[in-house]
Amino acid sequence: MDPKEAKERMKIPRQDMPEQDPGERVRNFYEVAYGYTPEQAVTEARRCIQCKTPLCAAGCPVGIDIPWFVRLIAEGKFVEAAWKLKETNGLPAVCGRVCPQEDQCEKVCVTGKRGKPVSIGRLERFAADYEREHGETAIPEIPRRTGKKVAVIGGGPAGLTVAGDLVKRGHGVTVFEALHTPGGVLVYGIPEFRLPKNIVAAEVEYLRRMGVEMECNAVIGKLETIDELLSGGFDAVFIGTGAGLPYFMNIPGENLVGVYSANEYLTRVNLMRAYEFPEYDTPVIRGRRVVVVGGGNTAMDSARTALRLCPEEVTMIYRRSMEEMPARVEEIHHGAEEGLKFQFLTNPVRFVGDDEGRLKAVECVRMGLGSPDESGRRRPVPAEGSEFCMDCDVAIIAVGNGANPLIPQTTPDLKLTKWNNIVADGETGRTGKKGVFAGGDIVRGGATVILAMGDGRRAANSIHEYLTTGVW
Amino acid sequence: MFEIKEKKKLAHLVTLLRVKAPRIAEKRKAGQFVVLRLNEHGERIPLTIADSDPVEGTITIIVQEVGKTTALLSNKLEGDAILDVVGPLGRPTHIENYGTAVCVGGGIGTAVTYPIGRALKEAGCKVVSVIGSRTKDLLILEDEMRSVSDELFITTDDGSYGHHGFVTNVLEEFIAGKRKIGMVIAVGPVPMMRAVAQVTRPHGILTMVSLNPIMVDGTGMCGSCRVTIAGQNRFVCVDGPEFNGHEVDFNELIRRNRSYLKEERMAMEEFVYHEGARCYERRGD
Ligand SMILES: Cc1cc2nc3c(=O)[nH]c(=O)nc-3n(C[C@H](O)[C@H](O)[C@H](O)COP(=O)(O)OP(=O)(O)OC[C@H]3O[C@@H](n4cnc5c(N)ncnc54)[C@H](O)[C@@H]3O)c2cc1C
Ligand code: SF4
Ligand code: FES
């Protein structure tokens, strides 16, 4: 691109994405952001100066050819842009919404050096939505069946990616999912207002149409073990069971009625639709004053979900300061707009209940910041004598997840880390057990959708190689 | 979809259902349970597998109508289907030859005691069973329990059948009779299990109980089913459902099981108002 043109393009202002008004949206579960109109998308895409060595693509964990798909949008070829995305990313409508672009592609985009980076995530979302809404999802040509069969355990982003990649190469794929719907965290964790469930359902349906078999209500380790799958006709197994075991804080009162793990709270509300109780049968305690403990995406999703159940007040309690919060900046901003309150440098020490064992308050202590820990962040230390009480009738604990024990319990020859994550090779996804691969949160601990998908892609490549050559 | 092959009324508000679920039937062991969801709007509830027939590919569940979901389930007919059934979940009962094993079943809990009693019998135990209910009409599985027991005692709270009193009265007498007991397994309402554990504690008799907390996923993902066991938080769906009764914080479990009383009542009222009449009509009650 000639420098003059590039200069002109750099002058185009970043296009804002229209959103529901905060006062309005906090009363419903509809998606917060509406997405670009075609005109906005074209304008935004024209801000890209088509770098020869695009830094953005290097910042993308799955290496999407970003300038290429952005150029297609600038030229009005929206469906082609979506297909381009799908060459490297099986779930662009999901990633366009939930990826932390500000830490990946958009962080390094050159236009961001002077002004604001190209809105790569919003463009990704636009192209994928356009394709889906215009019914132009193309089913790729499936090569002749190889006769090989792969069992994918877990229907989250890692498992779905493996399934899609392998079915496209002619292998038979069955996804075994413990819950009644595939999608993993995308359906039970991330709320409707951030990622509408019909988008995940459409992606799953697309995989089905390509020939992936989805078997829900199938808990591997219980219904069948990995060894039984391997001896029962599957040539390889991929484990993508996620980081599903909620941690608690081990402080007094944690089992009072009204204290939830974020997983339980979000599952009740999102997957089971407790926000439509009694239309849907699953209840949740809505509460008058809600506290959420933690500072990550899960805590933020819990807090913003709680806000939508109309309590008087929702407060996030985080032991470090705002700058250290791992949640996405955009979400913190959204939460604040919706009336979320924050107590930084604060940590709960005890939950207090009434005579019936129902939560009525939380006792907290103020934290100071000490010397940096191994993550480079300053370690929070309790300030003695600073204890204080906050009234609350619901508390949601979002302090992280560990690995679920069901598969290791029944597969003793799988190697585990000291946190019970499965040990797998970073490049190939191979575990120490022949024919068994793993990736996503079960290997990394809680990470991100795109990293889980990247793992899935690499594992699919090496599964394909293993199935073709037979060499372990 | 999981088809209901057979339906039988066992007692007032207690129904037995035989459900087609071949893979679960093949795998399931005594003490395990399923989580089911009736329809798209349904909640997920755990139910013990009372029996299974791997040849026919069916599992047997026994339901007591206590709320909307169990009422809906009890109102299903043969040939109807359940949307989701997942299992077998939980750890199987640890079965070995304990010498004399006492199986205590209270109310619907007998549905859980029965397969365990049978497994203990098959392992060579001398099985002594004590089953009880509020009143005669609520007693279930008497014949089945008799068939797996060397001795069977029956109690009713109102004295309408068997011993007048509680299962714990019989258990106390039995212990006083100086007969050596290898282990006690007790399943029933939480206060009953708590009482059994209190009776056996001074004698140091191994006492297992099968817990029934509120569950959502049943796979260890949510923590809804957590209970305090020997001061530690444990998830009943993956670490249980059976625990040493002397280590369980029963009072906490009772309180947690009351979490949604208000909501459950509301759902039930709403259900009876809108659909109750239609359901009962269809069933011909
Ligand atoms: C509330 C929340 C918000 C998040 N927000 C973001 C975000 O904005 N952006 C982002 O990038 N990341 C986010 N994450 C992280 C992201 O969702 C995960 O990193 C990602 O989903 C991991 O994918 P996975 O496929 O490894 O596992 P999961 O998505 O956890 O899927 C695992 C699946 O395996 C199933 N399973 C487990 N055990 C068994 C078994 N024994 N047999 C059969 N099936 C089994 C589970 O039911 C589940 O469906 C968030 C996480 C949470 C909890
Ligand atoms: S770094 Fe930014 S400007 Fe350069 S190609 Fe990528 S998106 Fe376009
Ligand atoms: S029911 Fe969810 S962890 Fe046990």
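Residues numbered from 1 in each chain as written. Chains lettered and ligands numbered in written order. Predicted model: local features only at pLDDT ≥ 70, side-chain atom pairs only at ≥ 80, totals over all residues. Heavy atoms only, no water.

Considering the packing of aromatic side chains
Residue and element names in this part refer to chain A.
- Scanning the entire structure with this criterion turns up 13 aromatic pairs over all chains.
- Where phenylalanine 78 meets phenylalanine 126, the ring centres are 4.8 Å apart and the plane angle is 90°; that geometry is what we call edge-to-face. Here the residue phenylalanine 78 occupies a position in helix H6 (residues 78-88), and phenylalanine 126 occupies one in helix H10 (residues 120-133), the gap between them amounting to 48 residues. When sorted by exposure, phenylalanine 78 lands in the same class as phenylalanine 126, which is buried.
- On the numbers, 6.0 Å between centres and 40° between planes, the contact of phenylalanine 126 with tyrosine 130 is tilted. Here phenylalanine 126 and its partner tyrosine 130 are both found in helix H10, 4 residues apart, which amounts to about one turn of the helix.
- A network of ring pairs unites the aromatic residues Phe29, Phe193 and Tyr275 as a single cluster. (Phe/Tyr/Trp six-rings, centres within 6.5 Å; stacked < 30°, edge-to-face > 60°. Helix = DSSP H or I, 4+ residues; strand = E, 2+ residues; numbered from the N terminus. Buried < 20%, exposed > 50% of the residue type's maximum accessible area, 1.4 Å probe, protein only.)

Overview of the site of ligand 1
Residue and element names in this part refer to chain A.
- The local shell around ligand 1 holds 33 residues, among which Val98, Ala158, Glu177, Ile220 and Asp441 are the closest.
- Here an oxygen atom of ligand 1 sits 2.6 Å away from a polar atom, N or O, in the side chain of glutamate 177.
- Here an oxygen atom of ligand 1 and a backbone polar atom of alanine 447 are 3.2 Å apart.
- Relative to its free-state accessible area of 1,000 Å², ligand 1 is covered by the protein chains to the extent of 95%.
- Elements that contribute at least two residues to the shell around ligand 1 include exactly helix H11 (157-167), helix H16 (297-308) and helix H20 (449-469).
- For the shell around ligand 1, the element with the highest residue contribution is H16, accounting for 3 residues.
- Of the residues assigned to the shell around ligand 1, the class counts are 17 nonpolar, 12 polar and 4 charged. (Near = heavy atom within 4 Å. Polar contact = N/O pair within 3.5 Å; in protein donor to acceptor, adjacent residues only side chain to side chain. Areas by Shrake-Rupley, 256 points an atom, 1.4 Å probe, with all protein chains shown as cover. Nonpolar A, V, L, I, M, F, W, Y, C, P; charged D, E, K, R; others polar.)

A short note on the pattern of salt bridges
All names here are of chain A.
- Applying the stated criterion across every chain, the model contains 51 salt bridges over all chains.
- Between arginine 194 and aspartate 301 there is a salt bridge, with the nearest N and O atoms lying 2.7 Å from each other. Placement of arginine 194 in the loop between helix H12 (185-188) and helix H13 (197-209) and of aspartate 301 in helix H16 is noted, with a sequence separation of 107 residues between them.
- Aspartate 301 sits in the buried class, given a relative accessible area of 4%.
- Between arginine 288 and glutamate 312 there is a salt bridge; the shortest N-O distance is 3.1 Å. On the criterion of sequence distance, the pair formed by arginine 288 in the loop between helix H15 (262-271) and strand S7 (289-293) and glutamate 312 in the loop between H16 and strand S8 (313-317) is long-range, its members being 24 residues apart.
- For arginine 288, a relative accessible area of 48% gives the class partly exposed.
- A relative accessible area of 54% places glutamate 312 in the exposed class. (Salt bridge = Lys/Arg side-chain N within 4 Å of Asp/Glu carboxyl O.)

A closer look at the sheet that holds strand S2 (residues 14-20) of chain B
Residues and elements named next belong to chain B.
- Taken in spatial order, the 7 strands line up as S6-S1-S2-S5-S4-S3-S7 in an open sheet, and their pairing is antiparallel. Two strands lie at the open edges of the sheet, namely strand S6 (81-82) and strand S7 (84-89), each paired on one side alone.
- Inspection of the sheet shows strand S3 (residues 33-37) paired to S7 by 4 bridges, in the antiparallel sense. Along S7, the bridge assignment pairs leucine 36 with valine 85.
- On top of the sheet, helix H3 (residues 110-122) reaches strand S4 (45-53) and strand S5 (58-64); it is set at about 40° to S4, its chief contact. (Pairing = 2+ DSSP bridges. Contact = heavy atoms within 4.5 Å. Axes fitted to C-alpha atoms, helices over the stretch in contact; angles between N-to-C directions.)

Some remarks on the packing of helix H5 (residues 167-176) of chain B against helix H6 (residues 190-200) of chain B
All names here are of chain B.
- Here H5 crosses H6 at 15°, and the two axes come no closer than 10 Å. In this view, H5 runs roughly parallel relative to H6, as classed from their interaxial angle. Pair H5 / H6 crosses with right-handed handedness. Of the residues in H6, those touching H5 at Val167, Thr168, Leu171, Glu172 and Ile175 are Met192, Ala195, Val196, Val199 and Thr200.
- Split by residue class, the contact of H5 with H6 holds 7 nonpolar, 2 polar and 1 charged. (Parallel < 35°, antiparallel > 145°, perpendicular 65-115°, else oblique. Left-handed = near helix turned anticlockwise from the far one by under 90°.)

So, the confidence of the model for chain B
- Scored by pLDDT, chain B comes out at a mean of 90, with 96% of its residues at no less than 70.
- Note on the complex model: pTM 0.92, ipTM 0.90. (pLDDT = per-residue confidence, 0-100.)

A look at the site of ligand 2
- Every residue close to ligand 2 is listed here: Cys48(A), Ile49(A), Cys51(A), Pro54(A), Cys56(A), Pro67(A), Cys109(A), Val110(A), Thr111(A) and Ile120(A).
- Partitioned by chemical class, the residues of the shell around ligand 2 number 9 nonpolar, 1 polar and no charged.

Overview of the packing of helix H5 (residues 66-74) of chain A against H10(A)
All names here are of chain A.
- Contact geometry for H5 and H10: axes closest at 11 Å, N-to-C directions at 60°. In terms of orientation, H5 lies oblique with respect to H10. The way H5 lies across H10 gives a crossing that is left-handed. Side by side, H5 and H10 meet where Ile66, Phe69, Val70 and Ile73 of the first sit next to Ile120, Leu123, Glu124, Phe126 and Ala127 of the second.
- Per-class residue counts for the contact of H5 with H10 are 8 nonpolar, no polar and 1 charged.

Describing the sheet that holds strand S14 (residues 394-397) of chain A
Residues and elements named next belong to chain A.
- Pairing in this open sheet of 5 strands is parallel, and the strands run S6-S14-S7-S8-S9 from one edge to the other. On the outer flanks of this sheet lie strand S6 (259-261) and strand S9 (341-343), each paired with one strand and no other. Taking each pair of neighbouring strands and ignoring which way they run, the sheet shows an average axis angle of 25°.

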